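# Geometric and topological summary
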Amino acid sequence: MSEAFAFMFGFYGLLLGLAVAEVASGFSRAYDERQTRGMGIVAPLFGILLLLDLITFWMNAWAYRELAEVNYMLAYVVALVALLYYFAATQVFPKATEKDTLDNHIMEHRHVVVFCVLASNLITQIPNAISAFTTPWPLSDIAIWASMNLIYYALLCTAALAKSKKVVIIVVASAILFVIGATAIFA
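Quick summary incoming for the structure in this document. (Residues numbered from 1 in each chain as written. Predicted model: local features only at pLDDT ≥ 70, side-chain atom pairs only at ≥ 80, totals over all residues. Heavy atoms only, no water.)

## What to know about the packing of helix H5 (residues 139–161) against helix H6 (residues 165–186)
As a packed pair, H5 and H6 sit with axes 8 Å apart at the nearest point and diverge in direction by 155 degrees. Between H5 and H6, the angle falls in the class roughly antiparallel. Remark: the crossing between H5 and H6 carries left-handed chirality. Between H5 and H6, the contacting residues are Ile-144, Met-148, Ile-151, Tyr-152, Leu-155, Thr-158 and Ala-159 on the first element and Val-167, Val-168, Val-171, Val-172, Ser-174, Ala-175, Phe-178, Val-179, Ala-182 and Phe-186 on the second. Of the residues that constitute the contact of H5 with H6, the class distribution is 15 nonpolar, 2 polar and no charged. (Axes fitted to C-alpha atoms, helices over the stretch in contact; angles between N-to-C directions. Helix = DSSP H or I, 4+ residues; strand = E, 2+ residues; numbered from the N terminus. Parallel < 35°, antiparallel > 145°, perpendicular 65-115°, else oblique. Left-handed = near helix turned anticlockwise from the far one by under 90°. Contact = heavy atoms within 4.5 Å. Nonpolar A, V, L, I, M, F, W, Y, C, P; charged D, E, K, R; others polar.)

Dropping the structure here:
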């Protein structure tokens, strides 16, 4: 592990850790308020999906452990990715002062959550896309990488755009299973 990676990972890890803490805090608030505000299912599903995605991001950062140097552009990109996640994490569960139900809250805020997750994922795929063309990757690897990402992005977009709460539940649950399955197969 390079010193540059340790330096950058400390910053990235701190910001991602804040996002994880925000989701955990949201679950804690939801549990504390379960008698006055029902838990619902959509917000907890989004919270679980966000936690899984955050853990995946944290683990994927390890691929850059031989990072040779740190520059401002890299620091800005790392901050942008992590802060998008933090912002998404703050939108999953309502604040204690809000009176809306958990499901109503996330149904109104899911577009922002999904946009932040999609933007972070797309930004972090840029090095892989460049590598796929400059290395070049075997066609089978490109097909797997592209199809895995497209499936996940399609699930996220459907969750953001679907009108039906049932569809959102099914799609977010499917995305959770997809992340768990892909992690089990490719990790």
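## Regarding the packing of aromatic side chains
This structure, assessed with the given rule, holds 7 aromatic pairs. The interplanar angle of 10 degrees and the centroid separation of 6.4 Å between the aromatic rings of Tyr-152 and Phe-178 together place this pair among those described as stacked. With Tyr-152 in helix H5 and Phe-178 in helix H6, the pair connects residues that are 26 residues apart, well separated along the chain. Classification of Tyr-152 as buried rests on a relative accessible area of 6%. Joined through ring pairs, the aromatic side chains of Tyr-152, Tyr-153 and Phe-178 make up one cluster. The ring of Tyr-31 has Arg-34 sitting right over it, with the charged end atom 3.8 Å from the ring centre. (Phe/Tyr/Trp six-rings, centres within 6.5 Å; stacked < 30°, edge-to-face > 60°. Buried < 20%, exposed > 50% of the residue type's maximum accessible area, 1.4 Å probe, protein only. Lys NZ or Arg CZ within 6 Å of the ring centre and 35° of its normal.)

## Details of the side chain of Asp-103
Relative to the assigned elements, Asp-103 resides in helix H4 (residues 102–134). One polar contact links the side chain of Asp-103 to the main-chain amide nitrogen of Ile-41, over a distance of 3.1 Å. In this view, Asp-103 contacts Met-39, Gly-40, Ile-41, Val-42, Ala-43 and Lys-165; residues no more than four positions away in its chain are not counted. (Polar contact = N/O pair within 3.5 Å; in protein donor to acceptor, adjacent residues only side chain to side chain.)

## Description of the state of the cysteines
Across all of its chains, the model carries 0 disulfides by this definition. With no disulfide of its own, Cys-116 has Cys-157 as its nearest cysteine by sulfur position, at a separation of 13 Å. The exposure class assigned to Cys-116 is buried, which follows from its relative accessible area of 3%. (Disulfide = S-S within 2.5 Å.)

## Some details on the nonpolar core
In terms of nonpolar packing, the biggest core is built from 50 residues, with Tyr-12, Phe-46, Leu-49, Leu-50, Tyr-85, Tyr-152 and Val-172 touching the most fellow members. In terms of residue count, the dominant contributor to this core is helix H3 (residues 72–92) (10 residues). (Core = buried A, V, L, I, M, F, W, Y, C linked by side-chain atoms within 4.5 Å.)

## As for the layout of surface pockets
Looking at the largest pocket, its volume works out to about 1500 Å³. Lining the largest pocket are 40 residues, and of these Thr-56, Asn-60, Thr-124, Gln-125 and Asn-128 lie nearest its centre. At the level of elements, helix H1 (3–32), helix H2 (42–60), H3, H4, H5 and H6 are the ones that each hand at least two residues to the lining of the largest pocket. Counting residues per element, the lining of the largest pocket draws most heavily on H4, which supplies 8 residues. (1 Å grid on protein atoms, 1.4 Å probe; cavity = no way out; pocket = protein on both sides within 12 Å on 5 of 7 lines; lining within 4 Å. Points joined across faces, edges and corners; volume = space filled by probe spheres on them.)

## Considering the environment of Ala-19
The topology assignment puts Ala-19 in helix H1. Remark: the alpha-carbon pair of Ala-19 and Phe-87, spanning 68 residues in sequence, is separated by 7.7 Å. When residues no more than four places from it in sequence are discounted, the contact partners of Ala-19 are Leu-54, Tyr-85, Tyr-86 and Ala-89.

## Comments concerning the pattern of salt bridges
Considering all chains together, one arrives at 2 salt bridges under this definition. One salt bridge connects Lys-165 with Asp-103, and the closest N-O pair in it is separated by 3.0 Å. Highlighted residues: Lys-165 in helix H6 and Asp-103 in helix H4, separated in sequence by 62 residues. Residue class for Lys-165 comes out partly exposed when judged on its relative accessible area of 38%. (Salt bridge = Lys/Arg side-chain N within 4 Å of Asp/Glu carboxyl O.)

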